[in-house]
Every structure is written in structure tokens, then in C-alpha cells.
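What the coordinates show
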Amino acid sequence: MSCALVGAPVQSGSATPGCLMGPDAYRTAGLAEVLQTLGHRVTDRGNVAQAEIKDLTHDNAAVHHLTDIVAWADALEGAAYEAASAVDMPIFLGGDHALAIGTVPGVARHAAEAGKPLFVLWLDAHPDIHTPDTTTSGNLHGTPVAYFLGMDGFDGVYPALKTRVAPENVCMMGIRSVDPAENAALTAQGVEVHDMRAIDEHGIIKPLRAFLDRVRSADGALHVSLDVDFLDPTIAPAVGTTVPGGATFREAHLIMETLCDSGLVTSLDMVELNPFLDDRGRTAKLMVDLCASLLGRTVLDRPTRSF
Ligand code: DIR
Ligand code: MN
Ligand code: MN
Ligand code: MN
């Protein structure tokens, strides 16, 4: 299939500088070449340029870099919409998770024009469902989900949302760090959450297949948002917000392999990689390998069983 790499060197949504190097770390780790080896047509569209910075303030004094994040969101919504219109699979190379303030609405707008509802698989230690009013850290990478669900608190702050995502179309996995306001929002919105305790008890495959069945029966598009901190810090140290007890190497690959088999994924974010914190590139390489599993790399050179 046709793939586009879209660099989004956003880092002001997080507390630890370094994510701006993320797109180039993926390039250095050979992402384009790996996907080409798997038979895909890959175009590297370079990095998106931030839109014009507009004057904005917020009552919550904790919020920082608001104008910067809004300028990124403005540019990324359009870039995501265009890339999703041009190729089968846009891959957004972060950059911190604030980039999803732009990418998710952009791919949702493209899906809506094709008459498809957008589903989102959120692979993260965190639900990122704060609003600018509820965040206590002020780190706006904690806000994309609340925004693209169309929750209150964004009017006149973030760009007007063109296409929202329905809360029943979101599935979160790997969650293990949730702030009180986020807990309340998850309950109020009714988002499906498989926290690490649930994954320990039941594994990832059953809930994932159930979610994919829903995407298939709705004839939906599926966006995957993969935060490095979804993974256990022992295998993925290059992230500013490590949380112990994350997904294992095989849990993560099995998700990607199952997503590949489904044929349903239409776009991907790879976010929060901080190459400044990496150990000889191993986190960047792991993320590239996970992307390869999503795009068809298998252990055995024969078709996997269908289900
Ligand atoms: C925390 C951490 N909930 C916050 N969020 C992170 O700052 O709002 N998201 N690290 O990825
Ligand atoms: Mn498309
Ligand atoms: Mn995140
Ligand atoms: Mn996270």
C-alpha cells in the first residue's frame, strides 16, 4: 500500500525537551527502508511547519505553551487531512502526544468525507483526557482525547473542531496513570478502557478482536495512536513520562500483528519518543519494529489464519 511519513516535531506539549528529534530518530532507524522492504510505496513528506502563532491566554495558570500547541494543531489538522486523502496509510512521526490534537481531527475529517466513522485505538499509559481547565501539570499532551471527543472547555482555546470522534468509537489499552479529573471524564464519556490490571487478567487479544469487530461492522476507519510509554520502560526507556508496569514486547507486537491481519488500520501516530533519553537508539528501533509488524512483517513467510 502507499504510506506517507509525516514528521511532527512537537515538544512543547510535554515537560521534557527532546521530542523534536523524534521524526529524525525514526528516519535514522530506517523506518522508510523497512516499510519498503515489506513491499510498500513510501513517501517521506518531511516535517510539517507550524502555523502562525496567535495571541491566546488561559485562566488556568498551570497551562503552558498554549499558543505554540494551537499553532501546531492548526497545521497538523490540515496536513493529516491531506496525507490521509493522498495515501492509504499516513504515519505521523512525533513529537509529543499534543500532535494528536491535529492528526486525529484531520484523519476524522477525511474519513467522514468518505462516509466512514473514525475509530481510535489509544495505546498509552495515560488517557490524555484532560481539558485546559482540569490539567494540573499544564502539559497539553494530556489533552488530545478530551478535545477530539468534543468535550467542553476548548471553545476559543483550541481550533474549532471540524469532525469529532464519538466516545463509543475509542478504545484505550495499557492505561496505568490516571488523574482524578481524567477518571471522571472517562466515566462521563463512557470510553472503553483496558487498564494494565485488566490486561494482566485477560490479555490483550480478546478485547482487541472485539473492538476490531466493531470497527469492521461499522465500516469504519481506524486510527492507532501509539505512545512510547504504553511500553514497559525496561524495553522503551526513551520517553519523559515512564510508568512501570507497561506492555511487554510480545503484547505490543501481538497488537500490531493482529491489527495488520484485520486490514482495518488507516493511520498511525508514533508519539513521545525522546531520543535524548534513549539508549543507543533501542527505543526508536523498537518503535520502528512495531510499525513493521503493523505493516506486515511476520515471523513465518505464510499467511496467518483468518478469524
Ligand atoms: C499527566 C501525565 N496525566 C498530565 N500525562 C501524560 O500531565 O496530565 N500523558 N504523560 O502522556
Ligand atoms: Mn484515505
Ligand atoms: Mn499520551
Ligand atoms: Mn503517555
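In the block above lies the structure referred to throughout.
Just so we're clear, the structure is a prediction, and the values are computed from it rather than from any experiment.

Cut-offs and rules
- Residues numbered from 1 in each chain as written.
- Chains lettered and ligands numbered in written order.
- Predicted model: local features only at pLDDT ≥ 70, side-chain atom pairs only at ≥ 80, totals over all residues.
- Heavy atoms only, no water.
- Patch = residues over 30% accessible without salt bridge, like charges linked within 9 Å, V, L, I, M, F, W, Y side chains within 5 Å.
- Areas by Shrake-Rupley, 256 points an atom, 1.4 Å probe, with all protein chains shown as cover.
- Salt bridge = Lys/Arg side-chain N within 4 Å of Asp/Glu carboxyl O.
- Helix = DSSP H or I, 4+ residues; strand = E, 2+ residues; numbered from the N terminus.
- Buried < 20%, exposed > 50% of the residue type's maximum accessible area, 1.4 Å probe, protein only.
- Pairing = 2+ DSSP bridges.
- Axes fitted to C-alpha atoms, helices over the stretch in contact; angles between N-to-C directions.
- Donors = N, O, S within 2.8 Å, 3.2 Å for Na, K, Ca; no water.
- Polar contact = N/O pair within 3.5 Å; in protein donor to acceptor, adjacent residues only side chain to side chain.
- Contact = heavy atoms within 4.5 Å.
- Phe/Tyr/Trp six-rings, centres within 6.5 Å; stacked < 30°, edge-to-face > 60°.
- Lys NZ or Arg CZ within 6 Å of the ring centre and 35° of its normal.

Section: a nonpolar patch on the surface
- There is a patch of nonpolar side chains on the surface, built from Leu-20, Met-21, Phe-276 and Leu-277 and spanning about 390 Å² of accessible area.
- One can find Phe-276 in the loop between strand S8 (265–271) and helix H10 (282–294).
- Take Phe-276: its relative accessible area is 65%, and that puts it in the exposed class.

Considering the sheet that holds strand S4 (residues 118–123)
- Spatially, S2-S1-S3-S8-S7-S4-S5-S6 is the arrangement adopted by the 8 strands of the open sheet, whose pairing is parallel. Of all strands in the sheet, those with a lone pairing partner are strand S2 (41–47) and strand S6 (192–195), marking the two edges. Within the sheet, the average angular offset between the axes of one strand and its neighbour, ignoring direction, is 15°.
- Where strand S5 (residues 170–175) meets S6, 4 bridges bridge the pair, whose relative direction is parallel. Along S6, the bridge assignment pairs Met-172 with Val-193.

Side note on the coordination of the manganese ion (ligand 3)
- Distances from the manganese ion (ligand 3) to its protein donors, namely His-97 (ND1), Asp-124 (OD), Asp-128 (OD) and Asp-227 (OD), fall within the range 2.1 to 2.2 Å.
- Between the donor residues of the manganese ion (ligand 3), the gaps in sequence give the motif H-x26-D-x3-D-x98-D.
- If you look at the manganese ion (ligand 3) and the manganese ion (ligand 4), they sit 3.2 Å from each other and are both ligated by Asp-124. Here His-97 is found in the loop between strand S3 (89–94) and helix H4 (100–113), whereas its partner Asp-124 is found in the loop between S4 and helix H5 (144–148), with 27 residues between them in sequence.
- The class of His-97 is buried, set by a relative accessible area of 0%.

With respect to the side chain of His-40
- Turning to its location among the elements, His-40 is positioned in the loop between helix H2 (31–37) and S2.
- What makes His-40 buried here is its relative accessible area of 12%.
- A polar side-chain atom of His-40 sits 3.1 Å from the main-chain amide nitrogen of Met-1.
- Within the local environment of His-40, its side chain forms a polar contact with the backbone oxygen of Leu-295, the two atoms lying 2.7 Å apart.
- Apart from the residues within four sequence positions on either side, His-40 is in contact with Met-1, Cys-3, Leu-35 and Leu-295.

Points about the packing of aromatic side chains
- Taken as a whole and assessed by the stated rule, the structure comprises 5 aromatic pairs.
- Ring geometry for Trp-122 versus Phe-148: centroids 5.9 Å apart, planes at 55°, classification tilted. Taken together, the positions of Trp-122 in strand S4 and Phe-148 in helix H5 put the pair 26 residues apart, joining distant regions of the chain.
- We classify Trp-122 as buried; its relative accessible area is 0%.
- Of the residues examined, Phe-148 reaches a relative accessible area of 0% and is grouped as buried.
- A centroid spacing of 4.9 Å and a plane angle of 45° characterise the contact between Phe-154 and Tyr-158, whose relative ring orientation is tilted. Considered together, Phe-154 and Tyr-158 belong to a single accessibility category, that of buried residues.
- Each residue in the set Tyr-147, Phe-154 and Tyr-158 is aromatic and connected to the rest through ring pairs, giving one cluster.
- It is Arg-109 that lies over the ring of Tyr-81; its NZ or CZ is 3.8 Å from the centre.

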